[in-house]
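For reference, the chains in residue letters:
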Amino acid sequence: MSWSPNVHTYDAVLVRTSPWGERDRLTVLFEATHGILRARAISALESGSKLAPLLVAPALGRFTLARGRSPIPVLANVELTERLARWRAIGLSIRVAGVALAVLEGLDAPEETNRLFFQLSTDLLRSNPSVHPLSALAVFLVHALGILGLLGGETNCSLCGTAFTADIIAAAPDLRTFICARCFNRLYGKAEVSVILVNREHLELLHRMAITPLSESGRLELDTDALSFIFSLACARLDNILPGAVSALLPLTAAACRT
Ligand SMILES: [Zn+2]
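Residues numbered from 1 in each chain as written. Predicted model: local features only at pLDDT ≥ 70, side-chain atom pairs only at ≥ 80, totals over all residues. Heavy atoms only, no water.

Participant: Account for the coordination of the zinc ion, with residues named and values stated.
Facilitator: Protein ligation of the zinc ion involves Cys 157 (SG), Cys 160 (SG), Cys 180 (SG) and Cys 183 (SG), the donor distances falling in the range 2.3 Å. Taken together, the four donor atoms coordinating the zinc ion and their angles of 105 to 115° define a geometry best described as tetrahedral. Each donor residue of the zinc ion belongs to the same chain, and together they define the spacing C-x2-C-x19-C-x2-C. Of this pair, Cys 160 sits in the loop between α4 (133-147) and β6 (170-172) while Cys 183 is found in helix α5 (residues 181-188), placing the two residues 23 residues apart along the sequence. The class of Cys 183 is buried, set by a relative accessible area of 1%. (Donors = N, O, S within 2.8 Å, 3.2 Å for Na, K, Ca; no water. Tetrahedral: all angles 85-135°; square planar, octahedral: opposite > 155°, others 65-115°. Helix = DSSP H or I, 4+ residues; strand = E, 2+ residues; numbered from the N terminus. Buried < 20%, exposed > 50% of the residue type's maximum accessible area, 1.4 Å probe, protein only.)

Participant: For the side chain of Thr 64, give the residues involved together with the corresponding values.
Facilitator: By the element assignment, Thr 64 lies in strand β4 (residues 59-66). At 2.9 Å, the side chain of Thr 64 forms a polar contact with the side chain of Thr 9. (Polar contact = N/O pair within 3.5 Å; in protein donor to acceptor, adjacent residues only side chain to side chain.)

Participant: Can you tell me about unusual backbone geometry, naming the residues and giving the values?
Facilitator: Cis geometry marks the peptide bond from Ala 57 to Pro 58; its omega dihedral reads -5°. Structurally, the position occupied by Pro 58 is in the loop between β3 (35-41) and β4. In this structure, Leu 84 takes a positive phi of about 55° despite not being glycine. Residue position: Leu 84 is located in the loop between β5 (74-82) and α1 (86-89). Leu 84 sits in the buried class, given a relative accessible area of 3%. One non-glycine residue, His 132, adopts positive backbone phi at about 45°. Take His 132: it is sitting in the loop between α3 (111-126) and α4. Take His 132: its relative accessible area is 41%, and that puts it in the partly exposed class.

Participant: Before we move on, can you summarise the side chain of Ser 135 with the specific residues and values?
Facilitator: Residue placement: Ser 135 occurs in helix α4. Setting aside anything within four residues of it in sequence, one finds Ser 135 in contact with Ser 217, Leu 222 and Leu 227. (Contact = heavy atoms within 4.5 Å.)

Participant: Please set out helix α7 (residues 224-238) residue by residue, giving values where relevant.
Facilitator: With 15 residues, α7 should reach 21 Å at 1.5 Å per residue; the first-to-last C-alpha distance of 21 Å fits that figure. Extensive coverage of α7 is indicated by the burial of 13 of its 15 residues. (Expected span 1.5 Å × (residues − 1).)

Participant: So what's going on with the environment of Arg 23? Which residues, and what values?
Facilitator: Along the chain, Arg 23 turns up in the loop between β1 (7-20) and β2 (24-31). The class of Arg 23 is partly exposed, set by a relative accessible area of 40%. In this structure, Arg 23 is in contact with Ile 42, Ser 43, Ala 44, Leu 45 and Glu 46, ignoring residues within four places of it in sequence. Separated by 2.8 Å, the side chains of Arg 23 and Ser 43 make a polar contact. Within the local environment of Arg 23, its side chain forms a polar contact with the side chain of Glu 46, the two groups lying 3.1 Å apart.

Below you can see the structure in the form of structure tokens.
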């Protein structure tokens, strides 16, 4: 293809495709600096399309976009570098990948944040989903919360400021903030409230996960209780920001509670 200022090639994650009219497909990509990019794959719904078999998410590749008069560029060429078929093979894997892709699709972030999420999601997608996929997702989510500035404030009571110590149980009504047992009792007494009780181990786990690379998530040996704590925390804190990711995560939160 001859050089043109309106043609650019991007290394990107293939996030999703969906039908566009009768013949084409809308392709959603995530690139390290621009974040979400959308392109129209012409005739990708037609039989014999060369693009169609390449447009199965998730995948990593080089995508060439040609910008014309339409606000959405045309997908001119696709060169897949990793097909990531293993993420589509098992029921649980595809749901884990679905959460990560929904996080990417929902992001509306500055360049530096996009770069961190590109790295984080490609680390997840390059890992082996048949080994601890839920642990990998939990580490992905803790890192995602950290990048978005939604972690922190878990070392002191948000009401009285007392540092959490081994003998104090923190209780979080919606997991957005953590409070000490004394403040909890003062607020709720013996009243029946819907809360998730959090203990010191949960908080230590959270800090440990924040410094654990995704490739080592299996070593954390997260049990059901730990997974359901992390997933609930992520659901509560991402609720307003990434509703699509929360919808994808909720069924897994329930699954973590069952296992
Ligand atoms: Zn307190």
